[in-house]
Amino acid sequence: MNDYISDIYKTLNILCVENDTKTIQIYKNIFADMFKNVYCAKNGLEGFNSFQKNEIDIVITRYSMPICNGLQMSKKIRKVDTSVPIVLVTSFQSIEILKEAIDLHIASFLKRPFTVSSLVSIFNQAVKSIIVDRCIMKEQDQKIKYSNYQEGITFAKEKIITKNDLEEDNRLLKLTCKAVYKPKDTLSGDSYIIRKLNENEYFIFLVDGMGKGISASVTAMLCSSFVNYSVDLLKEEKKLFSLETLLNSLVKFIRPNLLKYEVLCAHFLHFKHNTLSYAIFSMPPVLYMLDTQEVFKLKSNNTPLASYTKKFTVDTLDIQKLKKMILYSDGLNENTVHNSQESYNAYIAEDFMQADSVEEFENLYQKKIEIQEDDITYILLT
């Protein structure tokens, strides 16, 4: 036996089930120096109880025993552990016993009477199968750890790119502005930025990469990174912000980076004094209220951004009397309502009208939604 196999033996526990006291003593003498722990039982019932109480890596059992024989015990073990190697010791050469043993995935057979060398040979094969299983499990564990690590740094990167200049004072003009960002998966297709250009000028960008997984997430992060860079450059060079100029630059940048059939939905809102300039690319409508109790909608004025996009529209809105506003990705309004076939879209305007803060809106929303079905991002001005 090589040193590596010997070291593996010393990490394993063996269960010996045998009603003959002399054979039990033989097992103890052979296995005491080989295995970490040697557990013994005199029938199948005691053997199964010992298996449940202890961490057993290998089982050797006699077939013919009182109360509960070796195969009856193996049936019980297989109900709780389908892979532990079981060695069956028997003097019978019965087709029925063999068939039943195969059905129970008995690892090896040892014919009585046996020699020490034949016993050790059988166990070497069993230990090798354990080594293979452990190597597979170790590899899977390493893959899971690596995947979790990659997801962690990806989410950290998303949080850096998702920039919000208003996290401390939450003020946008005369309103409180807060964002709620709840990715369903680490690789989120949603991203947003909120930038303060000066005391009376702000810019909000909310993007939803259509599709799932890496492609949508990368596209969303590319757009947010480009927009952030563009805003930073304008502020550094002390140039005036122009939504049209930003859109022209973004369209030229993102078009060659999109897959043939990939589309991108987004809100672009530029607040300046009492005017809102906006370009909405196939996103849910922006809901807003003035100094009345009526909810108005800013609907999309552009088709989704795609590799073929060349033109876009920018419209304006007088916001001198703006009381509140909400913009959101479709993960919010398309979520199914609890105990209903309706989507939350049927309730969002009512909840928006009632809520005077993000906390109140979130409370109203959570009462209606049981499971988050997609990435949810919304920005609320109150």
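Quick look at the structure, then. Predicted model only: the values in this text are computed from it and were never measured.

How each quantity is defined
- Residues numbered from 1 in each chain as written.
- Predicted model: local features only at pLDDT ≥ 70, side-chain atom pairs only at ≥ 80, totals over all residues.
- Heavy atoms only, no water.
- Pairing = 2+ DSSP bridges.
- Helix = DSSP H or I, 4+ residues; strand = E, 2+ residues; numbered from the N terminus.
- Axes fitted to C-alpha atoms, helices over the stretch in contact; angles between N-to-C directions.
- Contact = heavy atoms within 4.5 Å.
- Buried < 20%, exposed > 50% of the residue type's maximum accessible area, 1.4 Å probe, protein only.
- Right-handed = clockwise from strand over helix to strand, strands pointing away.
- 1 Å grid on protein atoms, 1.4 Å probe; cavity = no way out; pocket = protein on both sides within 12 Å on 5 of 7 lines; lining within 4 Å.
- Points joined across faces, edges and corners; volume = space filled by probe spheres on them.
- Nonpolar A, V, L, I, M, F, W, Y, C, P; charged D, E, K, R; others polar.
- Parallel < 35°, antiparallel > 145°, perpendicular 65-115°, else oblique.
- Left-handed = near helix turned anticlockwise from the far one by under 90°.

### Regarding the sheet that holds strand 3 (residues 58-62)
Stage number 1. Spatial strand order, 2-1-3-4-5: five strands in an open sheet with parallel pairing. Each end of this open sheet is capped by a strand with a single partner; those strands are strand 2 (37-41) and strand 5 (108-111). Neighbouring strand axes in the sheet, compared pairwise and without regard to direction, differ in orientation by 20° on average.
Stage number 2. Along the sheet, helix 3 (residues 44-53) contacts strand 1 (13-17), strand 2 and strand 3; its crossing angle with strand 1, the most-contacted strand, is approximately 165°.

### Focus: unusual backbone geometry
Stage number 1. Cis rather than trans, the peptide bond between R112 and P113 has omega equal to -10°.
Stage number 2. Structurally, P113 is set in the loop between strand 5 and helix 6 (116-161).
Stage number 3. Even without being a glycine, I67 presents a positive backbone phi close to 70°.
Stage number 4. Relative to the helices and strands, I67 resides in the loop between strand 3 and helix 4 (70-80).
Stage number 5. Positive phi outside glycine occurs at N170, with the angle close to 60°.
Stage number 6. Assignment of secondary structure puts N170 in the loop between helix 6 and strand 6 (171-172).

### Side note on the pairing of strand 1
Stage number 1. In terms of residue burial, strand 1 counts as a mostly covered element, since five of its five residues are buried.
Stage number 2. Alternating residues of strand 1 divide into N13, L15 and V17 and I14 and C16, and every residue in both groups is buried.
Stage number 3. Relative to strand 2, strand 1 is paired through five bridges, and the arrangement is parallel. By the bridge assignment for strand 2, I14 is matched with V38.
Stage number 4. Taken together, strand 1, helix 2 (residues 21-31) and strand 2 constitute a β-α-β crossover, and its handedness is right-handed.
Stage number 5. The sheet contact formed by strand 1 and strand 3 spans four bridges and is parallel. The partner of I14 across the bridge, within strand 3, is I58.

### Some remarks on the layout of surface pockets
Stage number 1. Estimated volume of the largest pocket: approximately 240 Å³.
Stage number 2. Taken together, L172, L173, K174, L175, N200, H273, N274, I319, Q320, K321 and L322 form the lining of the largest pocket.
Stage number 3. Taken together, the residues of the lining of the largest pocket break down into five nonpolar, four polar and two charged.

### Some points on the packing of helix 3 against helix 4
Stage number 1. Look at helix 3 against helix 4: their axes get within 9 Å of each other, and the N-to-C directions meet at 20°. The orientation of helix 3 relative to helix 4 falls into the category roughly parallel. When the axes of helix 3 and helix 4 are compared, the crossing they make is right-handed. For the pair formed by helix 3 and helix 4, the contact residues are G44, G47, F48 and F51 on the first element and M73, K76, I77 and V80 on the second.
Stage number 2. For the contact of helix 3 with helix 4, the residue count by class is five nonpolar, two polar and one charged.

### What about the sheet that holds strand 13 (residues 295-298)?
Stage number 1. The strand order across the open sheet built from six strands is 6-7-17-16-12-13, with neighbouring strands paired in antiparallel fashion. Single-partner strands in this sheet number two, and they are strand 6 and strand 13.
Stage number 2. Here strand 16 (residues 324-328) runs beside strand 17 (residues 376-381); their pairing, made up of four bridges, is antiparallel. Bridge pairing in strand 17 links M325 to L381.
Stage number 3. Its contacts with the sheet place helix 11 (residues 358-368) against strand 7 (175-182), strand 16 and strand 17, and it is angled at close to 40° to strand 7.

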